[in-house]
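Chain residues, written in single-letter form:
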Amino acid sequence: MEDIKTYLTEREIPRQWYNVQADLPKPLPPPLHPGTLKPLGPQDLAPIFPMGLIEQEVSQQRWIDIPDEVWSIYKLWRPTPLCRAKRLEEALKTPARIYYKNESVSPAGSHKPNTAVAQAYYNKKEGVKRLSTETGAGQWGSALAFGCNVFGLECKVYMVKVSYQQKPYRRMMMETWGASVTPSPSNQTEAGRMILAQDPNSPGSLGIAISEAVNDAVKRDDTRYSLGSVLNHVILHQTVVGLETKAQLKKIGVEPDVLIGCVGGGSNFSGFCFPFFPEKKQGKKIRFVAVEPTACPTLTKGLYRYDFGDTAQMAPIVKMYTLGHTFIPAGIHAGGLRYHGDAPLLCLLYDEGFVEAVAYPQNPVFEAAMLFARTEGTIPAPETAHAIRAAIDEAIKCREKKEEKVIVFNFSGHGHFDLAAYDLFLSKKLEDYEYPDEKIKEALKDLPKV
Ligand SMILES: Cc1ncc(COP(=O)(O)O)c(C=O)c1O
């Protein structure tokens, strides 16, 4: 009888992160200064990030040591189990084998603490006292609140106003770990005041909250900014997920055919898949499938262009698939999948054909979430349910073609604070939303001219 869960011992938690920059098929286009449009140097980033993270952002070294202090904190919840979704397979009557890497067992309930803890550590090491950040539905904010708490840093979170009002439990979680949470747009920053002057009732967006958090950091000597996705160093920290998965699959002698993850800014997907990239580059047949909402179809409908990382045009300009920095997302429930761009590393590998992408509306996503909850038990985060939808569809294809493939997906988080969305789904009140092509064309007119 095969085990359902594959564990590693704590000593088998990776000691190094994997840096895909060492293996890219071509160099990453350089990030540009939002004011001068010239390539950014480390000094330009210094008011925002500590040097340790800036070095990781540009490093070409394949392996980067995980500091002992970070590794010891990882031990609070890592290694996370790799689980066989046997009951889901049986419900689908598929010959495929489905596995999922369960990142929902972290203190904050998602993969986000993998980088939050590392970022708090590097800031602390360089004498930073306070971190500012943004959060949408609260997953990232709660992870950073936890990370800051562990290393004794203050944490200031600008939370998208509509989520602040609708999702009080994540705010309470952040406050439990000692963070201070402000609804965004706020009148505490220039960026926030600018938005409020245009629209006093603005519900906020991730782009606006990023502007506020960056603004906060550049105005104070004791503060740096922290981003929960998109950047190279964030993806680097998340590779602990893929490295463990690889070791677990090896332990049970299983070769994956397809790896699946949802994409908001790209960090859980990339951290999960990139450690398998060297083999893929050498010709091994492993598919990487990125899943996004049709309401925010960055990879499937966006363009590969230089764009601002935020609405107020203060964050660096990077080359990425984008829907335009003025993109205002529809109110879908996967709050973490509503960013207008994606990680430059992921975008490059997508553009080069190493990654596939698929988009789903939210009703089929919640149907998948229900089936998962009713077979495997854990209630997934709406973001994670996108990956589950794609895994289920792959498994159904295997049933139709009678193929015994191995499907592995990243279970990026649980949905215990997203039950209002489940309630709407159960009462048939969730609306599907397809982002209109005309709006994409319109927003792309505002791209920086570089
Ligand atoms: C549970 C969960 N999964 C996935 C994501 C998407 O982010 P990323 O693409 O950076 O992994 C989020 C973001 O908030 C999240 O909370």
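Residues numbered from 1 in each chain as written. Predicted model: local features only at pLDDT ≥ 70, side-chain atom pairs only at ≥ 80, totals over all residues.

Some remarks on the overall build of the chain
Put simply, the rule reads: Where helices and strands are cited, they refer to DSSP runs of H or I of at least four residues and of E of at least two residues respectively, numbered from the N terminus. Computation of the radius of gyration draws on C-alpha atoms, with the globule rule given as 2.2 Å multiplied by the number of residues to the power 0.38. Here, residue contact means that the backbone-derived C-beta atoms of the two residues sit within 7 Å.
Check the secondary structure of the chain and you find 19 helices and 15 strands. Taken against the 2.2 N^0.38 rule, which gives 22 Å for 450 residues, the C-alpha radius of gyration of the chain at 20 Å falls within 12% of a compact globule. Structurally, the chain occupies a C-alpha span of about 60 × 50 × 45 Å along its principal axes. Residue pairs at least 24 apart in sequence account for 77% of intrachain contacts in the chain once pairs closer than 6 positions are excluded.

Focus on the domain arrangement of the chain
Applicable threshold: Residue ranges for the domains trace back to a domain assignment, done automatically or taken from a database. Under the convention adopted here, Pro, Cys and the residues Ala, Val, Leu, Ile, Met, Phe, Trp and Tyr are nonpolar, Asp, Glu, Lys and Arg are charged, and Gly plus all remaining residues are polar.
What the domain assignment lists for the chain is domain 1 (5–9 + 78–109 + 233–444) and domain 2 (47–66 + 112–225). For domain 1 and domain 2, the distance between their C-alpha centres works out to 23 Å. With 27 residues of domain 1 in contact, the opposing surface of domain 2 contributes 29 residues. A per-class count over the side of domain 1 that touches domain 2 returns 13 nonpolar, twelve polar and two charged.

Focus on the site of the ligand
Worth spelling out the cut-off: Being near a molecule or strand means, for a residue, that its backbone-placed C-beta atom lies within 6 Å of it.
Near the ligand you find 19 residues, and of these Gln139, Ser229, Gly264, Gly336 and Gly413 are the closest. Those elements that provide at least two residues to the shell around the ligand are α6 (139–151), α12 (267–273) and α17 (382–401). It is α12 that contributes the most residues to the shell around the ligand, three residues altogether. Of the residues that constitute the shell around the ligand, the class distribution is six nonpolar, twelve polar and one charged.

Things to note about the packing of helix α5 (residues 113–125) against helix α11 (residues 232–251)
Condition: Note on definitions: angles span 0 to 180 degrees between N-to-C directions of axes, and those axes are lines fitted to C-alpha atoms, for helices only across the stretch in contact. In these notes the angle categories are as follows: under 35 degrees is roughly parallel, over 145 is roughly antiparallel, 65 to 115 is roughly perpendicular, and the rest is oblique. Left-handed describes a crossing in which the near helix is turned anticlockwise from the far one by less than a right angle; the clockwise case is right-handed.
Where α5 meets α11, the axes come as close as 8 Å, and the angle between the chain directions of the two elements is 125 degrees. Accordingly, the angle class assigned to the pair α5 and α11 is oblique. Here the hand of the crossing between α5 and α11 comes out right-handed. Note on element contacts: α11 touches α5 through Val234, His237, Gln238, Val240 and Val241, opposite Asn114, Thr115 and Ala118. For the contact of α5 with α11, the class distribution of residues is four nonpolar, four polar and no charged.

Thoughts on the sheet that holds strand β8 (residues 180–184)
Counted only if it meets this: Any two strands are treated as partners once DSSP identifies two or more bridges connecting them.
Spatially, the four strands line up as an open sheet ordered β8-β7-β6-β9, and their pairing is parallel. Two strands lie at the open edges of the sheet, namely β8 and β9 (223–225), each paired on one side alone. Taken over all neighbouring pairs, the strand axes of this sheet differ in orientation by 25 degrees on average, direction set aside. Relative to β8, strand β7 (residues 154–160) runs parallel, the two sharing five bridges. Paired with valine 157 across the two strands is valine 181, which belongs to β8.

A closer look at the sheet that holds strand β14 (residues 356–360)
In sheet architecture, strand pairing relies on hydrogen bonds along the backbone and comes in two forms, parallel and antiparallel. A sheet is described by the order of its strands in space; here seven strands give the open sequence β1-β4-β5-β15-β10-β11-β14, paired in mixed fashion. Whereas interior strands pair on both sides, the edge strands pair on one side only; in this sheet they are β1 (5–6) and β14. Both strand β11 (residues 287–293) and β14 contribute to a ladder of five bridges, which runs parallel. For valine 291, the partnering residue across the bridge sits in β14 and is valine 358. Set on the sheet, α17 makes contact with β5 (97–102), β10 (258–262), β11, β14 and β15 (406–411); between it and β10 the angle comes to about 150 degrees.

Section: the nonpolar core
Here is the rule: In these notes, a nonpolar core means any group of buried Ala, Val, Leu, Ile, Met, Phe, Trp, Tyr and Cys residues linked to one another through C-beta atoms within 7 Å. A residue is called partly exposed when the number of other C-beta atoms within 10 Å of its own lies between 12 and 20, exposed at 12 or fewer, and buried at 20 or more, with C-beta atoms placed from the backbone.
Counting residues in each nonpolar core, the largest one holds 135 residues, and the members touching the most others are Ile260 and Ala391. Top element by residues in this core is α17. It accounts for eight residues. Summarising the domain contributions, this core has at least three residues from each of domain 1 (5–9 + 78–109 + 233–444) and domain 2 (47–66 + 112–225). Ignoring sequence-local partners within four residues, the contact set of alanine 391 consists of Ile98, Ile260, Ile407 and Phe409.

Considerations on the pairing of β5
Counted residue by residue, β5 has five buried out of six residues, so it is predominantly covered. Sheet topology note: the strand β4 (residues 82–84)/β5 ladder contains three bridges and is antiparallel. Bridge pairing links cysteine 83 to tyrosine 100 in β5.

Quick look at the environment of glycine 178
Residue position: glycine 178 is located in the loop between α8 (168–176) and β8. For glycine 178, a count of 14 C-beta atoms within 10 Å puts it in the partly exposed group. A C-alpha to C-alpha distance of 7.4 Å links glycine 178 and cysteine 155, two positions 23 residues apart in sequence. In contact with glycine 178, not counting residues within four places along its chain, are Ala145, Asn149 and Cys155.

Notes on the pairing of strand β6 (residues 130–135)
Spelled out, the test is: The path from the first strand over the helix to the second decides the hand: if it runs clockwise while the strands point away from the viewer, the crossover is right-handed.
Of all six residues in β6, five are buried; the element is thus mostly enclosed. Both β6 and β7 contribute to a ladder of six bridges, which runs parallel. Bridge pairing in β7 links leucine 131 to cysteine 155. In this fold, the crossover linking β6 to β7 by way of α6 has right-handed handedness. As paired elements, β6 and β9 share three bridges and run parallel to each other. Bridged to arginine 130 within β9 is threonine 223.

Some points on the packing of α6 against α8
Contact geometry of α6 with α8 gives a least axis separation of 8 Å together with a crossing angle of 10 degrees. Between α6 and α8, the crossing angle belongs to the class labelled roughly parallel. Contact with α6, carried on its side by Gly141, Ser142 and Ala145, involves Arg170, Met173 and Met174 of α8 and no other residues of that element. In terms of residue class, the contact of α6 with α8 is made up of three nonpolar, two polar and one charged.

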